[in-house]
Structure formats: C-alpha cells, structure tokens
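One-letter residues, chain by chain:
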Amino acid sequence: MKEEMSSVDIRYIVRELQSLVGSRVDKIYHDGDEIRIKLRTREGRQDLILQAGKRFHVTTYVKEAPKQPSSFTMLLRKHLSGGFIDAIEQHGFDRIVKIRVGDYTLVGELFRRGNVILVDGENKIVAALRYEEYKDRRIMPKAEYQYPPARENPLEVTRERFIELMRENEELELVRALARKLNMGGMYAEEISIRAGFDKTTPVKELSDDDLLRVYEAMMNTFNDEPRPNIVLKDGNMHDVVPIELRIYEGFEKRYFTTFSEALDEYFGKITIEKARIEQTKRLEAKKRQLLMTLKKQEEMLRGFEEGAKANQEIGDLIYANYSLIEKLLEEFRKATETLGWDEFKKRIEEGKKAGNRVALMVKGTDPKEKAVTIELEGKKVRLYLNRSIGENAELYYEKAKKFRHKHEGALKAYEDTKRKLDEIERLIEEELKKELSVKRIERRKKKWFEKFRWFVSSEGFLVLAGKDAGTNEILIKRHMDDNDLYCHADVYGAPHVVIKDGQKAGEKTIFEACQFAVSMSKAWSRGVYSEDAYWAHPNQVTKQTPSGEYLGKGAFMVYGKRNWLHGLPLKLAIGVINYEGEDFVVCAPIEAIKAHTDRYIVIRPGSLKKSELVKRIKRILEKWGYKVREEDIMSALPPGNGEIAEVVG
C-alpha cells in the first residue's frame, strides 16, 4: 500500500494547486510531522496539508489542533499568517515542494523521513521541523538552505542525453536503468516500459538507439499525460492513488475523482482516520490485554486452589473411611521402623514388593526425616506420619483443604475485581469508539452554479445574480445574461453588475429589489450612506464596445440607450436561511425578498460593527433558531464593510 507521494504525483499536484496562488494564509497548525495551512480562497476556506516525507494536497480531513501551539507553529504564523501565496512550485523533478508567501518560502521535503523548512528572502533558514546535518548540507537556523544534490530531471533531458544515460550501464534491465538514472520510481519505470512496448526486464544492451528513443517518447508522454486521478483498489482495499491512467493497473477496480487533491485526500485521509482511531483506543487496549492476561492467571490459580482443596478433603475422608486399615498400618510401620530402623525398613519393603506382599505393594515412598510413609489407597497417594494418630493425620489433610479454600476465596475476590476492571475498560473502549475522532472531515457539498455570484430569489420568485468582483462581473454578463433577462446597476463606482434571470417577465417589486441589491452590495455600504440611486436596462444595451480610443478593463461594460432610474433606494438588507431547489442557503437580500421565503430573518444596515463581529452575532442568532451555518457562508453573503443589526424577526 502506497505511503508517500512520488515525484510524478508532486508534478501533477503542483500544477493543480496553481488555483491557490493569490489565496490568503489565514492560520497555520502543526502536529507531529504535519503542517496544515488554513487558506482563504475565492471559493472560501481551503486547508492545505504538507506532511514531511509523505504528502502535499488540499484536505478535508482536519485534525483537532493541539491545545498548546508549538514554537515552530508560532514562527510560521508570525512570518506567514495574513500573507498571500505568490507561488507553488516543485524543485526540478525532486520530491520537494515550495510555497512562497511574500519574502518567505516554506519548503516541504517529501523524500525519506522528510522535513519542512521556512526560508527567508536571502535563502537563510528561519526555522525547521527538524534540525539536521548531512555531509553535503546543514538544516540549521541562519544557515543557507541548500537542496539535496541535483538528480537528472527526465522532463528536461534531451534525446541524446537520454541515450547516453541508458548506455552508461548496459547490463541493467530497462526498468532499473530508468529508475536509477532518471529520478523516477520503479512503478513509473515499469509503466514507461509497457507504453514503449518492451518487457521491463529487457537488458538495455539489447535495445537499439531507435528502441531507446521509443522509450524516451513513452516517458515524455507519461509525464505529460492528461490527468485522470484515481484510487486503485486491490481485493476491495485501497492499494494506490495516481494522477493519470496507468496501464500497469489495467483490470484493477478504480475510483475516479475530479481532482488529484480529492483522490489524495480520500486515500491519505482514510489512513489518517484509521490511525487516529487506533491511537484513540491504544492505551485502553493495552490495559485490556494486561487485564486479560491477569484474568487467565487468576483462573488457573482458582482451578489449582479448588483442586487442592478437593484432593485434600478427599484424602482426609479416605483416612476415616479406611480407619481400621490405616490404624493397623500406622501401628505396623511404627514398630518396624523402631525395631529395624528406616534403612532396614525400606529394604524389607522392597523385598516384600518382589514377593508380592499386599502391604509392601501399597507403600510408594518413605521419608525418615519426617517419619512419614506414603501409601496408595484407592488410587490416591496418602502420606501418613508415624508419630501422629490417625485423627491427627486426617486433620492435616483437612487443614490443607481449609487453607486451599481460604486461598480460593481470596483469589476469587481478586478475580471478580479484575473482571470488574475489564468490564470498565471495555465500556471505556466502546465510549471512545463512539466519540468523535480527533480527525474530522470538513464536508463540502458541490456548489450550485449560481453560488459563484451574490444571489437571491425575489419576492416574486425570480433569481437575481450579482458579481462579487471584476472576474465574476465579467462572467455574469458574458456567459449568464440572456436576451430575456434584465440588467441593473447602481450609480456608484465599482458597484456590481446585477442580472434578473427571465427578468422581462418580472414585476416592479422584483426590479425594485434588484436595484436595491445593487446599491446595497456596492461600496456605498462601506461608506455608511443610507440611500443611493440605481437603474435598469435591457441586455442588448450592455456591451464591451467603447468609443474609439477608450478601453474597458476586466468586469467593466458600457450601457447605451435609455436607463430606467430608481432614486433614493435604501441600503437595508435582511439575512436568513431559505430553501431553494431543495437545499437550505444563507441568503442576504432586500427585506421583502427574504420575508417572502422565511418567517425568521435579521435586518441589517450600514454601521460601525466590524464585519467579523457582525458575522458572529448573526451566527449565534441563526444557531438559536436551529440552523447550523458556517461563518464563511455568512461572511460571503454580507455586503462589503461594517454594519449593524437593526431588527431580529422571528
């Protein structure tokens, strides 16, 4: 099972993550060998994970942040938080990524054990995950950062150089020559061999220069193939995650993804969750194993004590059951040992056994020191002390049985105590498994097409769209405004373009609401004014064509012909949760438009309260009403600038 990204994987993910260039670094978290960068992007929040020696991609699997940030975390936050990503690059074809934020660069080394290093504008090391010294470079504070010794980049190698490299050691098999000479893993070397039409074990010496050029072309095509991210499954389990379709995995079950980040996140995220689940119960499972071992020993002891008590009780009873015989034997053995001595007694017993004497055959052992003779009676060995009476001999066994029973009682209490502890541990393990893991997945639903714009549904049911910035203004007018729509715009510099979909059928209420939306979402709100003017026009009046010599920038359009003005429009909006196309959305719109779709809403107007604080207050109110909403969704719905809550309805 794959555990880290390859050079090829990094090439594809770096290309894909160019969409994050320009994003703002919000906050940085560090846990173990993982660095997570929380970003503010055009699409909202995104989390970029950089794990030393392992991976680099956008993630939705977010670990609970450590309660006490590390010193490395604080240094990264100090130099990077609030900055904007200027570049995301791969160093050559190595497993090294670089994230440039202003004057600083965060270098992620994804080979072997890996490392994460912060470098300043003079290429001096500010901080690192680990400080280390190698024979050719030092990862130490204030030292100049040096990359590992350069290796051949297969994307830059010429045909002539490729053949030269392959011929350096012609005894090598093709797959080994590619992997060793051109900085690629064995898997991609095998893939290139297949695409070139050669067996991977073919020795290079058996290939002509033309054959090697076929291999070269196959290599270039592989590393520039169209992305088709997928997770490869083997026996139903995840086996690999790759950015392109690979022939070596033909016939394998696969799951395809829209982006390579999604595929990597699903693959490594599942591994992370499984590790977190194991970590969460590891201590308790170790305690459980210890208790189970103790329980097993205690069960063996209990059986031993029980058997000991039973055996001794039975021998005591056996002595009394054979009272006459035992009494006679004791008497005979006493006289014989006193008269003959123990050595002669033992000799006579042995002779008696040979002669088949019944009493001699009963004797199984003698102990002169203890003055004891062991006999076998009804299949049980009974030790008789010659200096004790028959009652005293029986009592010795009864006393032993009593001691075993006493030990059994103590052991049983300890056993029950261990069982209680085991039950408690199993309960705790069950509770831990029910708890939310320290790794949570940020669920992001697929956004509707209109969510890339500011939008609302009018009181008459018409969809109204507005641009968020120059880019979305351009897209809105060029791609989404049709002949049967209406166009609205505020008489404020930098105001958004507003489009009423199917607006030719809309009534005065919808047009009023769209124009009010246009003024409220303009810079007039941040200036704190309470009313502005706006107008509406037909789509065929809106164009990029300008008078000779003039130029319109991105998101700017000319409006020719009659403009239908509405004056003194109030800058006052409402925010609430409405259901549209089967989903709930946080929407900020003119009061009448919100009122038509929900009974609960919050009226806002320009004010002195910081936007971030306004968001928090709105969130608390919505949560009281039972809505679970993200601050990012509220933030993106609100007009630009500060404000205040004028009224809460509901």
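In the block above lies the structure referred to throughout.
Overview of the structure.

## Regarding the overall build of the protein chain
Each helix and strand in the protein chain was counted, giving 17 helices and 31 strands. Computed over C-alpha atoms, the radius of gyration of the protein chain comes to 42 Å, more than 25% over the 26 Å expected from 2.2 N^0.38 for 650 residues, which places it beyond the range of a compact globule. With respect to the principal axes defined by its C-alpha atoms, the protein chain has extents near 145 × 80 × 50 Å. In the protein chain, which comprises 650 residues, the share counted as buried stands at 47%. Taking as baseline every contact in the protein chain between residues at least 6 positions apart, the subset at least 24 positions apart corresponds to 61%. For the protein chain, the exposed surface amounts to about 34100 Å²; the carbon and sulfur share of it is 47%. Computing the positive centroid from 117 side-chain charges and the negative centroid from 109, the protein chain places the two 4 Å apart.

## Some words on helix H1 (residues 7–16)
Of all 10 residues that make up H1, 8 are buried, and the element is covered over most of its length. Buried residues of H1: Ser-7, Val-8, Asp-9, Ile-10, Arg-11, Tyr-12, Ile-13 and Val-14, and no others.

## Some thoughts on the nonpolar core
If you look at the biggest cluster of nonpolar residues, it comprises 75 residues, and the most contacted ones within it are Phe-56, Ile-99, Phe-162, Leu-178 and Met-219. At 7 residues, the largest contribution of residues to this core is made by helix H6 (residues 209–223). Among residues more than four places away in sequence, those in contact with Phe-162 are Val-157, Leu-178, Leu-182, Leu-212, Val-215, Tyr-216 and Met-219. Within the second largest apolar cluster, 70 residues are counted, among which are Val-499, Ile-602, Leu-609 and Val-629.

## Some thoughts on the pattern of salt bridges
Two side chains bearing opposite charge may form a pair once their charged atoms approach each other closely. Tallying each qualifying case throughout the model produces 51 salt bridges. Between Asp-240 and Lys-2 there is a salt bridge whose closest N-O contact spans 3.4 Å. Taken together, the positions of Asp-240 in strand S14 (residues 237–242) and Lys-2 in the segment before H1 put the pair 238 residues apart, joining distant regions of the chain. Of the two residues examined, Asp-240 and Lys-2, each falls in the buried class.

## A few points about the sheet that holds strand S28 (residues 573–580)
Judged by pairing direction, the sheet is antiparallel, and its 4 strands sit side by side in the order S29-S28-S30-S31 without closing on themselves. On the outer flanks of this sheet lie strand S29 (583–589) and strand S31 (643–649), each paired with one strand and no other. Adjacent strand axes in the sheet meet at a mean angle of 25° when their direction is disregarded. Sheet topology places S28 next to strand S30 (residues 601–609); 3 bridges connect them, and they run antiparallel. Its bridge partner lying in S30, Leu-573 is registered against Ile-604. Packing against the sheet, helix H16 (residues 611–624) makes contact with S28, S30 and S31, and its axis sits at approximately 160° to S30.

## Quick look at the packing of helix H5 (residues 186–196) against H6
Between two packed helices, the angle of one axis relative to the other and the distance separating the axes together describe the packing. Direction vectors running N to C along H5 and H6 enclose 120°, while the axes themselves pass 8 Å from each other. Considering their axes alone, H5 and H6 lie oblique with respect to each other. At the point where H5 passes H6, the crossing takes the right-handed sense. Between H5 and H6, the residues in contact are Tyr-188, Glu-191, Ile-192, Arg-195 and Ala-196 and Arg-214, Val-215, Ala-218, Met-219, Asn-221, Thr-222 and Phe-223, respectively.

## So, the side chain of Thr-543
For Thr-543, the position within the fold is in strand S25 (residues 542–543). Within the structure, Thr-543 has its side chain in polar contact with the backbone nitrogen of Gln-545 (distance 3.0 Å). Every residue in contact with Thr-543, bar those within four places of it in the chain, is listed here: Leu-552, Phe-557, Met-558 and Tyr-560.

## Regarding the pairing of strand S6 (residues 85–90)
Sheet topology places S6 next to strand S7 (residues 96–101); 5 bridges connect them, and they run antiparallel. When the sheet's bridge partners are listed, Ile-88 is paired in S7 with Ile-99. Taking the residues between adjacent antiparallel strands as the criterion, S6 and S7 are bridged by 5 residues, where Gly-92 takes a positive phi near 55°.

## Notes on the state of the cysteines
Here the structure, examined in full by the defined rule, presents 0 disulfides. In this structure Cys-488 is not part of a disulfide, and its nearest cysteine sulfur, from Cys-515, lies 4.0 Å away.

## Points about helix H12 (residues 470–480)
Turn by turn, an α-helix covers 3.6 residues, leaving residues three or four places apart pointing in a common direction. Every buried residue of H12 is listed here: Gly-471, Thr-472, Asn-473, Glu-474, Leu-476, Ile-477 and His-480. Here the buried face of H12 lies against strand S21 (463–466), strand S22 (486–490), strand S23 (498–500) and S25. Structurally, the start of H12 carries an N-cap: the backbone nitrogen of Gly-471 is 3.1 Å from a side-chain oxygen of Asp-469.

## Describing the environment of Glu-513
On the secondary structure map, Glu-513 appears in helix H13 (residues 508–520). Exposure remark for Glu-513: the relative accessible area of 3% places this residue in the buried category. Here the alpha-carbon distance between Glu-513 and Ser-458, two residues 55 residues apart in the chain, equals 6.9 Å. Residues within four places of Glu-513 in sequence aside, it is in contact with Phe-456, Ser-458, Ser-459, Pro-590, Glu-592 and Ala-593.

## What to know about the packing of aromatic side chains
A complete count under the given rule lists 19 aromatic pairs for this structure. On the basis of an interplanar angle of 75° and a centroid distance of 5.7 Å, the ring pair of Phe-333 and Phe-345 is categorised as edge-to-face. With Phe-333 in helix H8 (residues 323–340) and Phe-345 in helix H9 (residues 342–355), this residue pair connects regions lying 12 residues apart in the sequence. Relative accessible area serves as the criterion here: at 2%, Phe-333 is assigned to the buried category. Residue classification places Phe-345 among the buried positions, given a relative accessible area of 3%.

## Digging into the packing of helix H3 (residues 159–167) against H6
Two elements in contact, H3 and H6, have axes whose closest approach is 10 Å; the angle formed by their N-to-C orientations is 115°. Regarding the angle of H3 to H6, the classification is roughly perpendicular. Our pair here, H3 against H6, has a crossing hand that is right-handed. Taken together, the residues of H6 that come into contact with H3 (itself represented by Arg-159, Phe-162, Ile-163, Met-166 and Arg-167) are Asp-209, Leu-212, Leu-213, Val-215, Tyr-216, Glu-217 and Met-219. Its residues assigned to classes, the contact of H3 with H6 shows 8 nonpolar, no polar and 4 charged.

About the thresholds
Residues numbered from 1 in each chain as written. Predicted model: local features only at pLDDT ≥ 70, side-chain atom pairs only at ≥ 80, totals over all residues. Heavy atoms only, no water. Helix = DSSP H or I, 4+ residues; strand = E, 2+ residues; numbered from the N terminus. Rg over C-alpha atoms; globule rule 2.2 N^0.38 Å. Buried < 20%, exposed > 50% of the residue type's maximum accessible area, 1.4 Å probe, protein only. Contact = heavy atoms within 4.5 Å. Areas by Shrake-Rupley, 256 points an atom, 1.4 Å probe, with all protein chains shown as cover. Lys, Arg positive; Asp, Glu negative; His and termini not counted. Charge placed at Lys NZ, Arg CZ, Asp CG, Glu CD. Core = buried A, V, L, I, M, F, W, Y, C linked by side-chain atoms within 4.5 Å. Salt bridge = Lys/Arg side-chain N within 4 Å of Asp/Glu carboxyl O. Pairing = 2+ DSSP bridges. Axes fitted to C-alpha atoms, helices over the stretch in contact; angles between N-to-C directions. Parallel < 35°, antiparallel > 145°, perpendicular 65-115°, else oblique. Left-handed = near helix turned anticlockwise from the far one by under 90°. Polar contact = N/O pair within 3.5 Å; in protein donor to acceptor, adjacent residues only side chain to side chain. Disulfide = S-S within 2.5 Å. Phe/Tyr/Trp six-rings, centres within 6.5 Å; stacked < 30°, edge-to-face > 60°. Nonpolar A, V, L, I, M, F, W, Y, C, P; charged D, E, K, R; others polar.

Shape is all these values report; function is a separate question.
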